[in-house]
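Examining the three-dimensional arrangement
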Amino acid sequence: MDAELTLELFRHALVLTLLLALPPLLAIWLLAWLVGALQAVLGIPDASLGMVPRFVLALLAWAASLPWIMAELSAFSLLLFDYAL
């Protein structure tokens, strides 16, 4: 395996990591924005108010995207094994 192929596989791994982390992070960001807006409108200064819903939503988003995550990881693993052999 030459250096160019190694760098290309490393780049692919980094992009894949970002893509796989996106669904839970996006769900958390949207909920945090909504909770922040609700707190601003209602005048509730409690910082811990949205922690449990964020955690639950992150788990739900992760569980909902798990089939896609596993398919992408399997495809990347097969790609790595193809280049290794």
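Attention shifts here to the overall build of the protein chain. The helix and strand tally for the protein chain stands at 2 helices and 0 strands. By its C-alpha atoms, the protein chain is 60 × 25 × 15 Å across when sized along the principal axes. The buried share of the protein chain, taken over its 85 residues, is 16%. As displayed, the protein chain offers around 6,400 Å² of accessible surface, 78% of which is attributable to carbon and sulfur atoms.

On to helix α1 (residues 3–42). The end-to-end C-alpha distance of α1 is 57 Å, a good match for the 58 Å that 40 residues give at a rise of 1.5 Å each. Of all the bends in α1, the greatest reaches close to 45° and is centred on leucine 22; the proline proline 23 follows between one and four positions later. When α1 is considered as a whole, its buried residues turn out to be Leu9, Leu16, Leu20, Pro24, Ala27, Leu31, Val35 and Gln39. Just past α1, the residue glycine 43 takes up positive phi, approximately 75°.

On to the environment of leucine 60. Of note, leucine 60 is situated in helix α2 (residues 51–84). Separated by 37 residues in the primary sequence, leucine 60 and proline 23 place their C-alpha atoms 9.9 Å from one another.

α2 packs onto α1 with a crossing angle of 165° between their chain directions and a minimal axis gap of 8 Å. Between α1 and α2, the crossing angle belongs to the class labelled roughly antiparallel. For the element pair α1 and α2, the recorded crossing hand is right-handed. The residue inventory of the contact of α1 with α2, partitioned by class, reads 24 nonpolar, 2 polar and 2 charged.

All right, on to α2 then. When the terminal C-alpha atoms of α2 are compared, their 43 Å separation across 34 residues is substantially less than the 50 Å that a helix rising 1.5 Å per residue should span. The sharpest bend along α2 reaches about 55° and sits at leucine 66, with the proline proline 67 one to four residues further on. Among all positions in α2, only Ala58, Ala61, Ser65, Ile69 and Phe76 are buried. Each element contacted by the buried residues of α2 is listed here: α1.

Looking now at the pattern of salt bridges. Proximity of charged atoms lets side chains of opposite charge pair with each other. Scanning the model with the defined rule gives 1 salt bridge in all. With a closest N to O distance of 2.7 Å, glutamate 8 and arginine 11 form a salt bridge. You can see glutamate 8 and its partner arginine 11 sitting in helix α1, 3 residues apart, about one turn around the helix. A residue is classified by how much of its surface remains accessible, and arginine 11, at 46% relative accessible area, is partly exposed.

Analysis parameters
- Throughout this document, residue positions are counted from 1 along each chain, in the order its sequence is written.
- In keeping with the model being predicted, local features are shown solely for residues with a pLDDT of at least 70 and side-chain atom pairs are shown and tallied solely at 80 or more, while totals for entire chains, interfaces and linings include all residues.
- To get the side-chain values, all heavy atoms of the structure are used, and hydrogens and water are removed first.
- Here a strand is any run of E in DSSP of at least two residues, a helix any run of H or I of at least four, and the numbering for each starts at the N terminus.
- Residue exposure (1.4 Å probe, protein chains only): buried if accessible area is under 20% of the type maximum, exposed if over 50%, otherwise partly exposed.
- For the accessible areas, the method is Shrake-Rupley and the probe is 1.4 Å, while residue cover comes only from the protein chains on display.
- To estimate how far a helix should extend, the number of its residues minus one is multiplied by 1.5 Å.
- Bend, in this description, refers to the angle at a residue between axes fitted to the seven residues ending there and the seven starting there.
- Axis angles are defined between N-to-C directions and span 0 to 180 degrees, where every axis is a line fitted to C-alpha atoms and, for a helix, only to the segment in contact.
- In these notes the angle categories are as follows: under 35 degrees is roughly parallel, over 145 is roughly antiparallel, 65 to 115 is roughly perpendicular, and the rest is oblique.
- Here a crossing is called left-handed whenever its near helix is offset anticlockwise from the far helix by less than a right angle, and right-handed whenever the offset is clockwise.
- Note that Gly is not counted as nonpolar here; it falls among the polar residues with everything else outside the nonpolar set of Ala, Val, Leu, Ile, Met, Phe, Trp, Tyr, Cys and Pro and the charged set of Asp, Glu, Lys and Arg.
- Contacts: residue pairs with any heavy atoms within 4.5 Å of one another.
- Here, a salt bridge means any Lys or Arg side-chain nitrogen found within 4 Å of an Asp or Glu carboxyl oxygen.

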